[in-house]
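# Survey of secondary and tertiary structure
Each chain, written out:
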Amino acid sequence: MGSAKKSSNTARQTRIAEMRRAEEARDRRNRILTIAVSAVVVAGLVVGGVVLVRSQSGDSDDATASDGKTSGKFVAGADGVRTWKGDLSRNHVTKKVSYPAEPPVGGDHNQVWMNCNGDVYTEPLENENAVHSLEHGAVWVTYTDKAPEADVEKLAAKVKKTPYSLMSPVGKQKDPIMLTAWGHQRTVTGADDPNVDKFFEKFVQGEQTPEPGAACTNGLSQ
């Protein structure tokens, strides 16, 4: 009797152990399956996200610079404004771009713009970000260390109260103070030059703007 009971308990324990092993094996298979499915889903989301971003931003496949894509030359007008006659490409790139003018008036650029809601920067900007601001219709005021401090301060005050404008030093430009919009540029003698107001009135969100109404905030700032 005692031997039969002992044998029954042993058999039950054996069945319980087998059931536990089977349950653990199912759990392992389920975990592996869940991880595999999750990996496939994540990979699909990543690929889809990259395709979506590229399709929305207009990025080129190889993110090459615009050398050779921007062609033309400046033509000086009677009003002193130099206008770029030719093609100005507008691809989003991640590499440095070799622009034919300093500061540039357009061309391929970084997908992130510099904030241009009356932003005054005291350090040089990356051309690729500032050009994107020009695409949004901003006027870019630039100056060298030869510009009188009083003029720099007056121009900064004007920029600060003008949406769709920005200002920064550009040491390599040919004149002490220059104004730039997409495809247009001029030199001014100082902050009191009447051509400053004329340039702002014509080119801040002017007809030259490739993307009128595009944001000048939520971009890059120093």
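Before reading further, recall that the structure is shown in the block above.
Conventions and cut-offs
- Throughout this description, residue numbers start from 1 for each chain and increase along the sequence as written.
- Per-residue local features of the predicted model are confined to residues with pLDDT of at least 70, and side-chain atom pairs are confined, for both listing and counting, to 80 or more; whole-chain, interface and lining totals are unaffected and use all residues.
- The side-chain figures draw on all heavy atoms in the structure; neither hydrogens nor water molecules are used.
- Numbering of helices and strands runs from the N terminus; a helix is a DSSP stretch of H or I covering at least four residues, while a strand is a stretch of E covering at least two.
- For every residue, the accessible area obtained with a 1.4 Å probe (protein chains only) is divided by the maximum for its type, and the residue is called buried under 20%, exposed over 50%, and partly exposed between those limits.
- Here, Shrake-Rupley sampling with a 1.4 Å probe gives the accessible areas, and only protein chains in the shown set may cover a residue.
- Site definitions follow a grid-based scheme: protein atoms alone, a 1 Å grid, a 1.4 Å probe that fits but cannot get out for cavities, and for pockets an open set with protein on both sides within 12 Å along at least five of seven lines, plus lining residues having an atom within 4 Å of a point.
- Grid points are joined across faces, edges and corners, and a volume is the space filled by probe spheres set on the points.
- Amino acids are sorted into nonpolar (Ala, Val, Leu, Ile, Met, Phe, Trp, Tyr, Cys and Pro), charged (Asp, Glu, Lys and Arg) and polar (every other residue, Gly among them).
- What makes two residues a contact is simply this: any of their non-hydrogen atoms within 4.5 Å.
- Under this definition, polar contacts are N or O atom pairs within 3.5 Å; protein pairs additionally need one hydrogen-donor-capable and one acceptor-capable atom, and for neighbouring residues in sequence, both atoms have to be side-chain atoms.
- Axis lines are fitted to C-alpha atoms, over the contacting stretch for helices. Their N-to-C directions set the angle, which ranges from 0 to 180 degrees.
- An angle counts as roughly parallel when it lies under 35 degrees, as roughly antiparallel when it exceeds 145, as roughly perpendicular when it falls between 65 and 115, and as oblique in every other case.
- In a left-handed crossing the near helix is turned counterclockwise from the far helix by less than a right angle, and in a right-handed crossing that turn is clockwise.
- The pairing criterion for strands is at least two bridges between them, as found by DSSP.
- Whether a crossover is right-handed comes down to one check: with the strands pointing away from the viewer, does the path from the first strand over the helix to the second run clockwise; if it does, it is right-handed.

## Considering the overall build of the protein chain
Helices and strands together make up the secondary structure of the protein chain, namely four helices and seven strands. Its helices and strands taken in sequence order, the protein chain reads α-β-β-β-α-β-α-β-β-β-α from the N to the C terminus. Here the protein chain, with 222 residues, has 41% of them falling under the buried criterion. If you sum the accessible surface of the protein chain, you get close to 12900 Å²; carbon and sulfur atoms cover 54% of it.

## Details of empty space enclosed by the protein
On inspection of all chains with the given rule, the structure shows one cavity of 30 Å³ or more. Reported here for the largest cavity is a volume of approximately 40 Å³. In terms of lining, the largest cavity is formed by T70, W84, L88, Y99, P100, A101, P104, V105 and G106. Class assignment for the residues of the lining of the largest cavity results in seven nonpolar, two polar and no charged.

## A word on helix α2 (residues 127–135)
Judged by how many residues are buried, α2 sits mostly within the fold: nine of nine residues are covered. Along α2, the residues that are buried comprise N127, E128, N129, A130, V131, H132, S133, L134 and E135. Residues of α2 that are buried make contact with β4 (139–143), β5 (165–169) and β6 (177–181).

## With respect to the environment of A130
In this fold, A130 is placed in helix α2. Overall, A130 belongs to the buried group, its relative accessible area being 0%. Expressed as a C-alpha distance, the spacing of A130 and G106, which sit 24 residues apart in the sequence, is 9.2 Å. Once you skip the residues sitting within four places of it in the chain, A130 turns out to touch M114, L125 and W140.

## Description of the side chain of T83
Structurally, the position occupied by T83 is in strand β2 (residues 82–87). Residue T83 is classed as buried on the basis of its relative accessible area, which comes to 17%. Within the structure, T83 has its side chain in polar contact with the side chain of H184 (distance 3.1 Å). Once residues lying within four places of it in the same chain are set aside, the contact partners of T83 are K73, F74, V75, G183 and H184.

## A look at unusual backbone geometry
Phi is mostly negative for residues that are not glycine, and the peptide bonds are mostly trans. Of the consecutive residues E102 and P103, the connecting peptide bond is found in the cis state with omega at -5 degrees. Turning to its location among the elements, P103 is positioned in the loop between β2 and β3 (117–120). Residue N218 is not a glycine yet carries a positive backbone phi of 60 degrees.

## A look at the environment of K160
Within the fold, K160 resides in helix α3 (residues 149–160). With residues up to four places along the chain from it excluded, the contact list for K160 reads G118 and V120.

## Focus: the packing of α3 against helix α4 (residues 194–203)
In the contact formed by α3 and α4, the axes pass within 13 Å of each other and the chain directions differ by 20 degrees. Considered as vectors, α3 and α4 are oriented roughly parallel to each other. Relative to α4, α3 is oriented so that their crossing is right-handed. In this structure, α3 uses L155, K158 and V159 to contact α4, whose residues at the interface are V196, D197 and F200.

## Some remarks on the pairing of β5
Most of β5 is tucked away, with five of its five residues classed as buried. Neither face of β5 is open: one carries S165, M167 and P169, the other L166 and S168, and all of them are buried. Relative to β5, β3 runs parallel, the two being bridged by three bridges. Following the sheet pairing, D119 is matched in β5 by L166. Relative to β5, β4 is paired through five bridges, and the arrangement is parallel. Bridged to T142 within β5 is S168. In terms of handedness, the path from β4 via α3 over to β5 forms a crossover that is right-handed.

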